[in-house]
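Residue-level listing of the chains:
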Amino acid sequence: MRLRALRLANVRRFADEGGGSGVALEGIADGLNVFAEPNETGKSTLFDALYALLFFKHGSRHSDIRALEPYDGGAPRIEADIALAGGRFRIAKRFLSRPMAQVLDLDSGREVARAEAAQDWIDGALGLRGAESGPAGLLWVRQGAALGLDPGVEAREGALAGVVEAELAALTGGARMARMQGRVADALARNLTSTDRPRKGGPLQLATDAAATQEAELERLGAALRELRSDLDRRAELRRRIAREADPEEIEAERAALAAAQERLERARAEAGRISELTTALELRRVERNGVAETRQRFAKAIETVAACRAALEQAEAAVPAAEAGVEAAEGRARSDSAAADAAEAAVREAEAAERAGRQAREAIRLQAEAARLAKALAEAEAAERAASAALGRAEAIAATPAGLEAAERAAADLAAAEAGLAASRTTVSVAYEGPDAPRIRHAGGPLGEGERLTLAETAAFALPGIGTLTLQPGSGDAEAKAAHDRARNALSKALAPLGVADLDAARAALRNREAAETEAKRAEAIRNAVAPDGLPALRRAHALAAARLAEAGPIGEDDAPPDLEALGVAVEAARNAAEGARHARERAALASQAATAALERSRRDRAEADRRLQDALSETGPEAGWDARRSALDDALKDAASAHDAAALQLRLLREDAIDPALAGADVKRLSEAAENRRLRLADLRMEEAACGGRLERATEDAVEERHARAQDALGPARAALARIEAEIAALKRLGQALEEASAGMKERYFAPLERALSPLLRLVFDGGRLAFDSERLLPETLERDGLSEPFGVLSGGTQEQVAILTRLAFAELLAEGGEAPPVILDDALVFSDDDRIERMFTALQTQTERLQIIAFTCRQRAFARLGGHPLRLVRWQPED
């Protein structure tokens, strides 16, 4: 079996945070794999998740399964990809809520088993048989369990002896053997029960209890000694971390990065204001371009009108000579109807005068709209000018500046460090009474409670009944720390004074208010510049000129509607038609000779009308000699307006492309500010923890833990000797049953010979030719032989026992691999007690097994395990399919 990937979601700290994602170890290779990450990364969680996936049914609600559930609840989801001789498979389970189990064949994509059948497939295909008795129980070493070679210590987790005993049960049993062993048990009944345990009240039990008492005391003191050494290591580590966190170069680099981010934020804000200005300017350029285009179109239409009027005038002038020939004969006849014709002509003139008045009224309305537009723009510009002035006044009234705030923040950081130093330097007092009736020490008018801890900032007196008064006075270190604290507090007050605020939060708020006022002033100035791009004086002059032109055009009533020029033109045409009708009536009433006079009159009128229309058209276009110049000027003006519009659009687009996002720039400032604050808090925490660690070391030194541990070791020898004498007597009785064991001795030898063969090269590599001797009765390591000396396994150091235990597991894994059923060897934070030289040898031993075994090592010792080599593993995000 080879593990290729492990994935989990909603398992302990890897809880679903709303995106439905989890984490995964992908690409697990053959040979050695190393997952080296700091504490709290989740290494033990990955170990427990794989354990649950293979050994618990999906419907289980065992306490180990419930321990995988996140604090906020949820259904743990776990899956693993494995490689077997028959192909690649994926095992997936969901526990607690909507439980599910499934096995997929990754090569074909088909489902192999589901629900209860999935667990049966796992048990059969993987050959693990169970967490307590199968090979995985031996080869999967949980955190802190590498020393578990005694079945009484780690039976549930699959200790070496427990697993080996289960594997050999069939080789050493039988009904006849059981009867013979029962007879031996009867002979030993004086010291032992039928279950081979010490009989209650017997010599063996008494000696065992005495030795156990000494061993328990030795273990307790050993734990205290290990805690003392751990505190020494922790204090050294804390001092190294404090030096790293307080590195001036890193702090200065953080400050420089924050200053650069703040400068980038200011630039982003300025660019945003400029974009707003250019947007307004672009709209003005568009209006100007459209106005020039409209004027050019009207001029082209007027030129077409001039050409049409000239053609009409030529036609009218050509008809006049022919009509004059008949005028003389028709004049007498025309006099009778001249009054009617005159009246009709007067009507025509009156209609034409009304049409001209309408044109003048429409021009006055246009002037009025222009004056109103300029008045509105002037009011907006003056309001923006007043708003900008008021905002600048508010900003100048605020004393807070970025430099002042930075100085105050540095002073606040110094004050926090001084407060941590003051707290760490204070003297503490506590008492443990001998019993409930012991006299109580009194302080400050009341008794000092059991375990109550007092921190002394000044001299304090304690009344000891029957003894006297005990006076404690803090050392000079407390006074120095208090002086440093006072200096830091005064420095903060001095830094806040120029800012005109009482604390750091108020200073930050004042600076934000100042920046907001400055931004408001810039926004108001941008509005003013957009409305009055040439300045307020120019806008005022334009407004005055428009008002003067409007006054020249004459008053316009509020309810006056723009005159309908088309209707006036229709009226003029109607008057003309009426005059023409009058003339026709006059001609019809006269003799046929009057037709010539009417024709002459009509020709002259048509010529005059054509000429008038031509003059009207020329008044629109101006002299023909200036047409080309005006047309060219309008073309140039249109090109200039279009170019100005395109240039403004390009400038705005380029500025938008290169502009800095104010939100991103602000996020950088916030991130860097928080990083600096986090560094300050970490440094304060480290210093406080260092002080606490130092206090514990002082108390441990006072308790003389090392001396007491040595005395306990000396006392343990006589107790063990007494126990050994009794055990020797029991051994003499047990020799009667040795014949019963001869039948099973050969079987055990056949087991231990291959194990010693696989283990010997590993021991020689790590212990310079060392050899491990096993107790074939208890199936446990008995002695380690090296350099000509034989050392009992129980007296070896914890590091050596751990190394032997791991090498034994590797040897057992090699035997299983020869039989074709070895699962991966998984080590969770092993080799924690190895020195530098020994751990290098263990790394080499692990590497020698990578050709035949798959080994997965979880560790928090990143620096030490960097020399191990192997295939590095990293956690990646995983998105479950459902």
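As a starting point, this report considers the structure included with it. No experiment lies behind these values; they were computed from the predicted model shown. (Residues numbered from 1 in each chain as written. Predicted model: local features only at pLDDT ≥ 70, side-chain atom pairs only at ≥ 80, totals over all residues. Heavy atoms only, no water.)

With respect to the overall build of the protein chain
Helix and strand content of the protein chain: 24 helices and 21 strands. Taking the contacts inside the protein chain whose residues are at least 6 apart along the sequence as the reference set, 73% of them involve residues at least 24 apart. As presented, the protein chain carries roughly 48,700 Å² of accessible surface, and 52% of it is formed by carbon and sulfur atoms. (Helix = DSSP H or I, 4+ residues; strand = E, 2+ residues; numbered from the N terminus. Contact = heavy atoms within 4.5 Å. Areas by Shrake-Rupley, 256 points an atom, 1.4 Å probe, with all protein chains shown as cover.)

What to know about the sheet that holds strand S4 (residues 77–84)
Across the sheet, which stays open at both edges, the seven strands sit in the order S7-S6-S5-S4-S1-S2-S21 with antiparallel pairing between neighbours. Two strands close off the open sheet at either side, each with one partner strand: strand S7 (111–114) and strand S21 (875–878). For this sheet the average axis-to-axis angle between neighbouring strands, irrespective of direction, equals 20 degrees. Summarising the sheet, S4 and strand S5 (residues 87–94) pair through eight bridges and their orientation is antiparallel. Across the sheet, the residue bridging to Leu-84 is Gly-87, located in S5. On the sheet, helix H1 (residues 43–55) packs against strand S1 (2–9), strand S2 (22–25), S4, S5 and S21 and is oriented at approximately 105 degrees with respect to S1. Most of the contacts of helix H3 (residues 116–126) go to S7, to which it runs at about 115 degrees, and overall it touches S4, S5, strand S6 (100–105) and S7. (Pairing = 2+ DSSP bridges. Axes fitted to C-alpha atoms, helices over the stretch in contact; angles between N-to-C directions.)

Thoughts on the packing of helix H22 (residues 798–818) against helix H23 (residues 836–848)
The geometry of H22 relative to H23 is characterised by a closest axis approach of 11 Å and an angle of 5 degrees between their N-to-C directions. With respect to H23, the element H22 is oriented roughly parallel. Contact residues: Thr-800, Gln-803, Ile-806, Leu-807 and Leu-810 in H22; Arg-838, Met-842, Ala-845 and Leu-846 in H23. Its residues placed into classes, the contact of H22 with H23 shows six nonpolar, two polar and one charged. (Parallel < 35°, antiparallel > 145°, perpendicular 65-115°, else oblique. Nonpolar A, V, L, I, M, F, W, Y, C, P; charged D, E, K, R; others polar.)

Some thoughts on the pattern of salt bridges
Tallying each qualifying case throughout the model produces 44 salt bridges. For Glu-237, the salt bridge identified is with Arg-240, shortest N-O distance 2.7 Å. In this pair, Glu-237 and Arg-240 both sit in helix H8 (residues 203–245), three residues apart, roughly one turn of the helix. Classification of Glu-237 as partly exposed rests on a relative accessible area of 25%. Under the relative-accessibility criterion, Arg-240 is labelled partly exposed at 45%. Among the ionic pairs, Glu-245 bridges to Arg-679, the shortest N-O distance being 3.5 Å. Highlighted residues: Glu-245 in helix H8 and Arg-679 in helix H19 (residues 662–703), separated in sequence by 434 residues. Judged by relative accessible area, Glu-245 falls into the buried class, the value being 14%. One network of salt bridges, in which partners are shared, links Arg-7, Glu-26, Arg-77, Glu-79, Asp-81 and Arg-90. (Salt bridge = Lys/Arg side-chain N within 4 Å of Asp/Glu carboxyl O. Buried < 20%, exposed > 50% of the residue type's maximum accessible area, 1.4 Å probe, protein only.)

Describing the environment of Ile-527
Note on placement: Ile-527 falls in helix H14 (residues 504–531). Its relative accessible area of 44% is what places Ile-527 among the partly exposed residues. Residues Ile-527 and Glu-277, 250 residues apart in the sequence, show an inter-C-alpha distance of 7.3 Å.

Some points on H8
The terminal C-alpha atoms of H8 lie 61 Å apart, and with 43 residues this matches the ideal 63 Å at 1.5 Å per residue to within 8%. Residues of H8 that are buried: Leu-204, Ala-207, Ala-211, Leu-218, Leu-221, Gly-222, Leu-225, Leu-228, Asp-231, Leu-238, Ile-242 and Glu-245. (Expected span 1.5 Å × (residues − 1).)

Overview of the pairing of S1
Looking down a regular strand, the side chains alternate between one sheet face and the other. The element S1 is extensively covered by neighbouring structure, given that seven of its eight residues are classed as buried. Relative to S4, S1 runs antiparallel, the two being bridged by seven bridges. Bridge pairing in S4 links Arg-2 to Ala-83. As judged from the three bridges shared by S1 and S2, these two strands associate in the antiparallel manner. Bridging from a neighbouring strand, Leu-6 pairs with Leu-25 of S2.

Examining the environment of Thr-305
Structurally, the position occupied by Thr-305 is in helix H9 (residues 248–324). Its relative accessible area of 36% is what places Thr-305 among the partly exposed residues. For the pair formed by Thr-305 and Ala-617, sequence separation is 312 residues and the distance between their alpha carbons is 6.3 Å.

Here's the deal with the pairing of strand S3 (residues 32–36)
With five of five residues buried, S3 lies mostly within the body of the structure. Neither face of S3 is open: one carries Leu-32, Val-34 and Ala-36, the other Asn-33 and Phe-35, and all of them are buried. Across five bridges, S3 lies against strand S19 (residues 855–859) in parallel orientation. Opposite Phe-35, over in S19, you have Phe-858 as the bridge partner.

Description of unusual backbone geometry
In the Ramachandran plot, Arg-12 falls in the positive-phi region, its phi being about 50 degrees despite a non-glycine side chain. Relative to the helices and strands, Arg-12 resides in the loop between S1 and S2.

Points about the side chain of Thr-859
Structurally, the position occupied by Thr-859 is in strand S19. Owing to a relative accessible area of 0%, Thr-859 belongs among the buried residues under this scheme. The residues touching Thr-859, leaving out its near neighbours within four places in the chain, are Phe-35, Ala-36, Glu-37, Lys-43, Asp-829 and Phe-865.

A look at the nonpolar core
Among the nonpolar cores identified, the biggest contains 41 residues, and Leu-8, Leu-54, Ile-78, Ile-91 and Trp-121 are the most heavily contacted of them. The set of elements that each furnish at least two residues to this core consists of S1, S2, H1, S4, S5, S6, H3 and S19. Ranked by the residues each element gives to this core, the list is headed by H1, at nine residues. Beyond its immediate sequence surroundings of up to four residues, Leu-8 is in contact with Phe-14, Gly-22, Val-23, Thr-45, Leu-46, Ala-49, Arg-77, Ile-78 and Trp-878. (Core = buried A, V, L, I, M, F, W, Y, C linked by side-chain atoms within 4.5 Å.)

Points about the packing of aromatic side chains
Evaluated as defined, the whole model comprises four aromatic pairs. With centroids separated by 5.9 Å and ring planes inclined at 80 degrees, the aromatic side chains of Phe-35 and Phe-858 adopt a geometry described as edge-to-face. Of the two residues, Phe-35 is situated in strand S3 and Phe-858 in strand S19; the sequence distance between them amounts to 823 residues. Ring pairing ties together the aromatic residues Tyr-51, Phe-55 and Phe-56, which thus form one cluster. Lying across the ring of Tyr-433, Arg-440 places its NZ or CZ 4.0 Å from the centre. (Phe/Tyr/Trp six-rings, centres within 6.5 Å; stacked < 30°, edge-to-face > 60°. Lys NZ or Arg CZ within 6 Å of the ring centre and 35° of its normal.)

Looking at the environment of Arg-841
Assignment of secondary structure puts Arg-841 in helix H23. Here Arg-841 falls in the partly exposed class, since its relative accessible area comes to 22%. Separated by 27 residues in the primary sequence, Arg-841 and Leu-868 place their C-alpha atoms 9.9 Å from one another. Apart from residues lying up to four places away in sequence, Arg-841 is in contact with Leu-765, Val-766, Phe-767 and Asp-768.

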